[in-house]
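Residue-level structure breakdown
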Amino acid sequence: MDFSYNSDSNIYVLVACHNDDAPDLVAIGGDHSVEVLLVGPSSCESLALFHIGTRLTAMAWSPRSVSPSASEEWVIELAVAGADYGLHLLTKTVSQPEDVFHFGGGLSGHHGKVNDITFCGGMGAESSRYVATVSDDKMLMVWDLTPHDTDEIGSPDSRPQPTVYVTAYPHPLTSIDSHISTTKELLVSDCRGTVYIVDWRSDPGATEQDSWRSSSVLELTDPHALSEVSVGLSLKLSGSVAWRRDSPDIIGSVYGSRFSLWDLSNLQGGKPYATSSSFSQGGHRFRWCPTYPEYFAISTQSPLKGAIVHVYSTNYVYAQPTVFNVSPRPQYVRDFDFLATRGIPRLAVAVGRSVVIFPIGVES
């Protein structure tokens, strides 16, 4: 069943929670606040509202998050970035109201738009300890939220400021994803379509000039991206990259008018095993489906044809995508994500002030 939820402001960022205990939570970032939605079969309800005071540019769910539908002791926790380059840790529990912990501002933080953010603590005890951010300032920063090796995050008055590990790159960075099981490997893409697999703990003493070389485990490049660099400079194309959730050997990305898939278990000189056309106007976001991992989707921020999402299957990677026309032009998809709820996969798509939720039509 298709339905929508209307926000009080334009929605710029949308991210669904893929935790096993919180598959029905979606966060939306607007002009000045973050709202958390509890998604049901045919409607949404607002669960929390965090005032940030600036437009949101990136958000990520903490592995600590638990939905009210899964436990009476529910927890909401996100890390978000604002247009002022500041970072914020958002927390709400069944017994505590909304709390916003500010960090990452000033001289120690980013000096350009923060384009993406992720928790990178793996699956163990440190799963919610580290947050990684990438920015137009060419920096990858990994933030230790509990720098004194404590498992508990203290009260807002006593919580220390996070420490940060910085890696400099030669070009602005556009997206980041964390490995599903380790605390040290990150997937980073830049504005020229290059994808890096990064071990951010490899050499903390490296100089800023060579730090990206010393920390990069592998560098992946789709040859077509090089030919689109000059186009990207004029159209401000951005890359998006993600690990397939059931197999970190499989990586997907979109850059410019094409998407690419790599298999790390069978690399051919760093080239993708599959690449094909997507949006001629340039793709914006690449998302894997967490419940049916052979499916992935791509959006564009071009308003030329309206708000559209393309859904693909790795089983038929060169087939024409299933096209979902969410809204007519001049609207466009600002952001989207797959929900992690069981059954037929559903997409949550941000268009203007609305979140539109609908199934992609795959039988369970």
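Just so you know, these numbers come straight off a predicted model, no measurement behind them. (Residues numbered from 1 in each chain as written. Predicted model: local features only at pLDDT ≥ 70, side-chain atom pairs only at ≥ 80, totals over all residues. Heavy atoms only, no water.)

**Observations regarding the pattern of salt bridges**
Note the cut-off: The salt bridge criterion pairs a side-chain nitrogen of Lys or Arg with a carboxyl oxygen of Asp or Glu, the two atoms within 4 Å. Relative accessibility decides the category of a residue: with a 1.4 Å probe and only protein chains considered, values under 20% of the type maximum give buried, values over 50% give exposed, and everything between is partly exposed. Secondary structure counts use DSSP, requiring at least four H or I residues in a row for a helix and at least two E residues in a row for a strand, with both numbered from the N terminus.
For the coordinates displayed, the defined rule picks out eleven salt bridges. In this structure, Arg 244 and Asp 246 form a salt bridge, with 2.7 Å as the shortest nitrogen-oxygen distance. The class of Arg 244 is buried, set by a relative accessible area of 15%. Residue classification places Asp 246 among the partly exposed residues on the basis of a relative accessible area of 46%. For Arg 287, the salt bridge goes to Asp 337, with nearest N and O atoms at 3.8 Å. Remark: Asp 337 occurs in strand 26 (residues 335–338) and Arg 287 occurs in strand 22 (residues 285–288); sequence separation between them is 50 residues. The pair Arg 287 / Asp 337 is uniform in exposure class, with both members buried.

**Brief notes about empty space enclosed by the protein**
Test applied: With a 1 Å grid spanning the protein atoms alone, the term cavity applies to any set of points in which a 1.4 Å probe fits but cannot get out, the term pocket to an open set with protein on both sides within 12 Å along at least five of seven lines, and the term lining residue to any residue with an atom within 4 Å of a point. Grid points are joined across faces, edges and corners, and a volume is the space filled by probe spheres set on the points.
Tallied over the full model, the rule gives two cavities of 30 Å³ or more. When its volume is computed, the second largest cavity comes out at roughly 30 Å³. Forming the walls of the second largest cavity are Phe 279, Gln 281, Thr 300, Ser 302, Lys 305, Gly 306 and Ile 308.

**Observations concerning the pairing of strand 7 (residues 75–82)**
Worth spelling out the cut-off: Between any two strands, at least two bridges found by DSSP are needed for them to pair.
Judged by how many residues are buried, strand 7 sits mostly within the fold: eight of eight residues are covered. Here strand 7 shows no split at all, with Val 75, Glu 77, Ala 79 and Ala 81 on one side and Ile 76, Leu 78, Val 80 and Gly 82 on the other all buried. Sheet topology places strand 6 (residues 56–61) next to strand 7; five bridges connect them, and they run antiparallel. For Met 59, the partnering residue across the bridge sits in strand 7 and is Val 80. For strand 7 and strand 8 (residues 87–93), the ladder comprises seven bridges, and the chain directions are antiparallel.

**A look at the sheet that holds strand 21 (residues 274–277)**
What counts, and what does not: To get an axis, fit a line to the C-alpha atoms, keeping to the stretch in contact for a helix; angles then go from 0 to 180 degrees between the N-to-C directions.
Here four strands make up an open sheet; going across it, the order is 18-19-20-21 and the pairing antiparallel. On the outer flanks of this sheet lie strand 18 (240–244) and strand 21, each paired with one strand and no other. Recorded for the sheet is a direction-independent mean angle of 15° between the axes of neighbouring strands. Judged from the five bridges that link them, strand 18 and strand 19 (residues 247–255) form a sheet pairing that is antiparallel. Its bridge partner being in strand 19, Arg 244 is matched across the sheet by Ser 247.

**Focus: unusual backbone geometry**
The residue after Arg 329, namely Pro 330, is reached through a cis peptide bond having omega 10°. Topologically, Pro 330 is positioned in the loop between strand 25 (322–327) and strand 26. Phi angles above zero are rare outside glycine, and Tyr 85 is one such case at about 75°. Mapped onto the elements, Tyr 85 comes out in the loop between strand 7 and strand 8. One non-glycine residue, Lys 138, lies in the positive phi region at around 75°. In this structure, Lys 138 sits in the loop between strand 11 (130–135) and strand 12 (139–144).

**Observations regarding the nonpolar core**
Side chains of nonpolar character tend, in soluble globular proteins, to be buried together. Note the following rule: Only buried residues count toward a nonpolar core. Its members are Ala, Val, Leu, Ile, Met, Phe, Trp, Tyr and Cys residues joined through side-chain atoms within 4.5 Å. Two residues form a contact once any of their heavy atoms are found within 4.5 Å.
Within the largest apolar cluster, 21 residues are counted, with the highest numbers of intra-cluster contacts made by Val 34, Val 36, Trp 61, Ile 76 and Val 80. Contributing elements (two or more residues each) for this core: strand 2 (13–16), strand 3 (25–29), strand 4 (33–39), strand 5 (44–51), strand 6 and strand 7. Not counting chain neighbours up to four residues away, the residues in contact with Val 80 comprise Val 34, Ile 52, Leu 56, Ala 58, Met 59, Gly 86, Leu 87, His 88, Leu 90 and Ile 117.

**A closer look at the environment of Ser 128**
The residue Ser 128 is located in the loop between strand 10 (114–119) and strand 11 in this model. Exposure remark for Ser 128: the relative accessible area of 14% places this residue in the buried category. Taking the C-alpha atoms as reference points, Ser 128 and Pro 63, 65 residues apart in sequence, are found 5.8 Å from one another.

**Examining the layout of surface pockets**
Where we set the bar: Side-chain classes follow a simple rule in which Ala, Val, Leu, Ile, Met, Phe, Trp, Tyr, Cys and Pro form the nonpolar group, Asp, Glu, Lys and Arg form the charged group, and the remainder, Gly included, forms the polar group.
Put simply, the largest pocket is a space of about 1,300 Å³. As for the largest pocket, its lining consists of 50 residues, and the residues nearest its centre are His 18, Asn 19, Asp 177, Ser 178 and Arg 245. Counting only elements with at least two residues in the lining of the largest pocket, the list comes to strand 2, strand 6, strand 10, strand 14 (173–178), strand 18, strand 22 and strand 26. Its residues assigned to classes, the lining of the largest pocket shows 24 nonpolar, 16 polar and ten charged.

**A closer look at the environment of Glu 73**
Position of Glu 73 among the secondary structure elements: in the loop between strand 6 and strand 7. Residue class for Glu 73 comes out exposed when judged on its relative accessible area of 59%. The sequence separation of Glu 73 and Thr 93 amounts to 20 residues, and the corresponding C-alpha distance is 7.4 Å.

**Quick word on the sheet that holds strand 2**
Strand pairing in a sheet relies on backbone hydrogen bonds, with the paired strands running either antiparallel or parallel. Read from one edge to the other, the open sheet built from four strands follows the order 2-3-4-5, with strand pairing classed as antiparallel. At either end of the open sheet lies a strand with only one pairing partner, and these are strand 2 and strand 5. Looking at each pair of strands side by side, their axes are set apart by 20° on average, direction ignored. Inspection of the sheet shows strand 2 paired to strand 3 by four bridges, in the antiparallel sense. The residue of strand 3 that forms the bridge with Val 13 is Gly 29.

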